[in-house]
Amino acid sequence: MFALMQSSRLESLHLSVDPMTGLKAVIAIHCSRPGPALGGCRYLAYPDDESAVVDAVRLAQGMSYKAALAGLPVGGGVAVIMRPAHVESRAALFEAFGRCIEQLDGRYITAIDSGTSVADMDCIAQQTRHVTSTTASGDPAPHAAMGVFAGIRATAMARLGSDNLESLRVAIQGLGNVGYALAEQLHAAGAELLVSDIDPGKVQLAMEQLGAHPIANDALLSTPCDILAPCGLGGVLNSQSVAQLRCSAVAGSAHNQLSNLQVADQLERRGILYAPDYVINSGGLIYVALKHRGEELPTITAHLSKIGARLTEVFAHAQAEKRSPARVADELAERLLYR
């Protein structure tokens, strides 16, 4: 565990249990130099404790990099709650988690993430003020999608020579809150949508509302398209899956898309442009961080509009240095964090 923390430069790792509610939680704080660590709370089933810890550590590091490149006055942190097979009261479990956050005295601010909802954040807020994405502050998903949309336009410009998305074939893997909102924006821009999701109801809705073409989950990665947009869980890009890709670029909202940095080099060798996930998907963090500080929507929207420019900067460095954008983004983030 300490080796994992040292290799990722994690500041602290907090493990909490509450037998009364079944809570088993991991809070990873990666860097608090710029300000309090801010990041989502996941509520997922994990095969074992180690998997939960590794997920939290990787995500926390990504949040630090994301905040740094987005120019936000916060550090990176993440919480993971291991979803039990049976829970007596979900509300009580999240209230117990709120008490865990309160014990950290403001070092970590939590937010919505995979498996959690605005209602869960409201439960947490009963025990601590160090929470956002509540009913009062609003769902960050539409703003995250807005940032990814801007990033896809920047990616199209860099790889295809135009940011006009009309008739562009975009394959969206995952139609959750962010994925579906992104699909709506792409449809409005005239893009042709190829979609997959483990929930057939969401695919059906995209077909009816957006004219999307359904693709089987196990076939999407090998389906010809201009841009692949992973919008589900992480780890979708590994040496085997990248060998199957038939796209010009990868640009989506999923966290930790790369299984390791060597995969980024493989994408580069194949001539597939990769938009670093924590740059293109920073819209949600921008929204919750600035909303928590009391900023108004015009200020937040103006900050969101900078995502495309930041990606363009990363792409330019990568092209000049003939390296993967993923490696360039990591170095830029670390320079900002540890200079």
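Residues numbered from 1 in each chain as written. Predicted model: local features only at pLDDT ≥ 70, side-chain atom pairs only at ≥ 80, totals over all residues. Heavy atoms only, no water.

**A few points about the pairing of strand 2 (residues 23-31)**
Residues in a regular strand point their side chains to alternate faces of the sheet. Counting buried residues along strand 2, eight of its nine residues qualify, which places the element largely inside the surrounding structure. The pairing of strand 1 (residues 12-18) with strand 2 spans seven bridges and is classified as antiparallel. Across the sheet, the residue bridging to His-14 is Ile-27, located in strand 2. The antiparallel pairing of strand 1 with strand 2 creates a hairpin that spans four residues between the two strands, and Gly-22 there sits at a positive phi of about 85°. As paired strands, strand 2 and strand 4 (residues 75-82) are joined by six bridges and run antiparallel to one another. When the bridges of strand 4 are listed, Ala-25 appears paired with Ile-81. (Buried < 20%, exposed > 50% of the residue type's maximum accessible area, 1.4 Å probe, protein only. Helix = DSSP H or I, 4+ residues; strand = E, 2+ residues; numbered from the N terminus. Pairing = 2+ DSSP bridges.)

**Thoughts on the side chain of Ser-64**
By the secondary structure assignment, Ser-64 is in helix 2 (residues 49-70). A polar contact is formed between the side chain of Ser-64 and the backbone nitrogen of Gly-76, at a distance of 3.1 Å. The contact partners of Ser-64, leaving out residues within four places of it in the chain, are His-30, Cys-31, Gly-75, Gly-76 and Leu-337. (Polar contact = N/O pair within 3.5 Å; in protein donor to acceptor, adjacent residues only side chain to side chain. Contact = heavy atoms within 4.5 Å.)

**Considerations on the UniProt feature "binding site: NAD(+)" (unreviewed entry) in the chain**
The positions that UniProt labels "binding site: NAD(+)" (unreviewed entry) are, in the present scheme, Gly-174, Leu-175, Gly-176, Asn-177, Val-178 and Gly-179. By the secondary structure assignment, Leu-175 is in the loop between strand 6 (169-173) and helix 6 (177-188). With sequence-adjacent residues up to four places away left out, Leu-175 is seen in contact with Tyr-180, Ala-183, Val-195, Ser-196, Asp-197, Lys-202, Val-203 and Ala-206. Looking at the secondary structure, you find Gly-176 in the loop between strand 6 and helix 6. Judged by its relative accessible area of 25%, Gly-176 falls in the partly exposed class. Beyond its immediate sequence surroundings of up to four residues, Gly-176 is in contact with Asp-197 and Lys-202. (UniProt positions renumbered as here; feature names shortened; annotations may be inferred.)

**Focus: the nonpolar core**
Among the nonpolar cores identified, the biggest contains 47 residues, and Ile-152, Ile-172, Leu-175, Leu-182, Leu-186, Leu-193 and Val-195 are the most heavily contacted of them. Each residue touching Ile-172, except ones within four places of it in the same chain, is listed here: Gly-179, Ala-183, Leu-186, Leu-193, Leu-194, Val-195, Ser-196, Leu-220, Ala-229 and Cys-231. Residues Leu-44, Val-57, Val-80 and Ala-289 belong to the second largest nonpolar core, which totals 33 residues. (Core = buried A, V, L, I, M, F, W, Y, C linked by side-chain atoms within 4.5 Å.)

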